[in-house]
Each structure stands twice: as structure tokens, then as C-alpha cells.
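# Report on the structure
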Amino acid sequence: PWQLPKSGAARRLASSDFVAAAKSLGCETAAVRAVADVESGGRTGFDTKKRPKILFEIHLFRDNTKHRYDKSHPHLSAPYSSPRRRASYNRDQWVVINEAFALDPDAAVKSASWGMFQVLGSNYKMCGWKNVRQFVYDMFESEAQHLRAFLGYCRAAKITPYLKTHNWAAFARGYNGPDYASGGYHTKMAAAYARYKRQG
């Protein structure tokens, strides 16, 4: 059985890393920074305990465990439309994921989004990892790994063109899902992009 690390190296990105990432996607640095800003809720992919920032999605845990825990653990396994989903965001996310991890480790880590760019664990393969366990370990390692996941996802999901043209609604649909507008992802990214653009 594997364990979730308690903390990691939590190495930070440098400004030059954002520049290099933008160059590799063929978009502006401000666009990459805008996504990082909105997804991480700030400018770092780690919390104060050197753990990657995460958001656990109970509706995905429900799907990933085939509804096995709907009755025994409704606070961890409920539909997307359930008020329990929103309520779960207000709990300490590491307490939530550890409880889910005790039930089904792989399903738990696949049901959370990870790091500075909040890439979903279930997307590990399309982002370039062979297994989800290594993906999680790397998320503890550095923001460079968070960036690697972001670049891999953008390419595999074919949403890079929207970053180039600043079509934030189309980008958010591909990145955050069809319900992106309820979280205002497109408007937040547009505002963050404009801010970084002004700063040069």
C-alpha cells in the first residue's frame, strides 16, 4: 500500500519558466500566468506545509468508485448537483482526501485537482505520466512539475489555440469543464491576463 507524502520539496518556479512555457505553447507569458493565478488562487502551487494545493471533487470520487461509498460516506461521494459538493470545498482539503485515500487510494488522488494549475489526477496519462502514483509524488516535488502537467494537458486537450487568441470562454470550457461559467473562470482569467499584460 502506498502513502500520501506529508510534504515535499515544494520548489518554486522562476519568471523565466513562465516565459519558456509560453514560448513552447506559442502564446504570451501573460496568458500562462493568468491561468496559474486563477487556478492556484494566488501565485504559488503549494500551501504553507509544502503540500501541493488541491481541490477534492466528491462527485468524481463517486464516479471513480462506482458509487460504492454513496451510503456509507455521503460527504465524500455524492452527485455533482448535491449541496454536499459545495460544502466539501469549505473543509480542509487534505483532511478530505486523506479520508477518501483510506477507502480507495487511486480513486482518491484521481478525484482531486493538483498544484498551481489544478490539473485533475485522472488526467495523469494525457499529461505525460505513466501512473498516477508518480504523478502525485511529482506534484509534491516542484511547481515545474505542475507546469509540466499544465502543458501536457493543454496540448492533449487541444486548447492551446484559445490561449493564443485569448478566447477565455473556449479555453475555460476545455480546461474547467462545461460548467465553467458558474465559477466565472473565463472572466477571472481575462481579468488576470489584462493585469499581467499591463505589468509587462
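Below: a short report on this structure. For clarity, every value in this text was computed on a predicted model and none was experimentally measured.

Reading across the sheet, the 3 strands line up as β1-β2-β3 and stay open at both edges, with antiparallel pairing between neighbours. Strand pairing shows two members of the sheet lacking a second neighbour, β1 (54-56) and β3 (119-120), which therefore form its edges. Sheet topology places strand β2 (residues 112-114) next to β3; 2 bridges connect them, and they run antiparallel. Looking at the pairing, S113 lines up with L120 of β3. Contacts between helix α7 (residues 132-141) and the sheet are confined to β2 and β3, with β2 contributing the most and set at about 45 degrees to the helix.

In this section: the packing of aromatic side chains. Aromatic rings considered in pairs are described by the distance between their centres and by the relative angle of their planes. Taken as a whole, this structure holds 14 aromatic pairs when the rule is applied. Arranged with centres 5.9 Å apart and planes meeting at 90 degrees, the rings of W2 and Y137 form a pair that is edge-to-face. Note that W2 is positioned in the segment before α1 (15-25) and Y137 in helix α7, a separation of 135 residues in sequence. Judged by relative accessible area, W2 falls into the buried class, the value being 6%.

Helix α8 (residues 143-156) packs onto α7 with a crossing angle of 130 degrees between their chain directions and a minimal axis gap of 6 Å. One element, α7, and the other, α8, form an angle in the oblique class. For the pair formed by α7 and α8, the contact residues are F135, D138, M139 and E141 on the first element and Q145, H146, R148 and A149 on the second. A breakdown of the residues in the contact of α7 with α8 according to their chemical character gives 3 nonpolar, 2 polar and 3 charged.

The terminal C-alpha atoms of helix α2 (residues 29-40), which comprises 12 residues, lie 17 Å apart, in line with the 16 Å expected from a rise of 1.5 Å per residue. A large share of α2 lies buried, amounting to 10 of its 12 residues. Those residues of α2 that sit buried are A30, A31, V32, A34, V35, A36, D37, V38, E39 and S40. Looking one or two residues past α2, G41 carries a phi angle of roughly 65 degrees, positive in sign.

In this structure the tally under the stated criterion is 9 salt bridges. In this structure, E141 and R11 form a salt bridge, with 2.1 Å as the shortest nitrogen-oxygen distance. With a gap of 130 residues between them, E141 in helix α7 and R11 in the segment before α1 connect regions that are remote in the sequence. D138 is the salt-bridge partner of R148, the closest N and O atoms lying 3.7 Å from each other. With R148 in helix α8 and D138 in helix α7, the pair connects residues that are 10 residues apart, well separated along the chain. Take R148: its relative accessible area is 33%, and that puts it in the partly exposed class. Of the residues examined, D138 reaches a relative accessible area of 13% and is grouped as buried.

What counts as what
- Residues numbered from 1 in each chain as written.
- Predicted model: local features only at pLDDT ≥ 70, side-chain atom pairs only at ≥ 80, totals over all residues.
- Heavy atoms only, no water.
- Pairing = 2+ DSSP bridges.
- Helix = DSSP H or I, 4+ residues; strand = E, 2+ residues; numbered from the N terminus.
- Contact = heavy atoms within 4.5 Å.
- Axes fitted to C-alpha atoms, helices over the stretch in contact; angles between N-to-C directions.
- Phe/Tyr/Trp six-rings, centres within 6.5 Å; stacked < 30°, edge-to-face > 60°.
- Buried < 20%, exposed > 50% of the residue type's maximum accessible area, 1.4 Å probe, protein only.
- Parallel < 35°, antiparallel > 145°, perpendicular 65-115°, else oblique.
- Nonpolar A, V, L, I, M, F, W, Y, C, P; charged D, E, K, R; others polar.
- Expected span 1.5 Å × (residues − 1).
- Salt bridge = Lys/Arg side-chain N within 4 Å of Asp/Glu carboxyl O.

Read these as layout, nothing more, since geometry by itself doesn't imply function.
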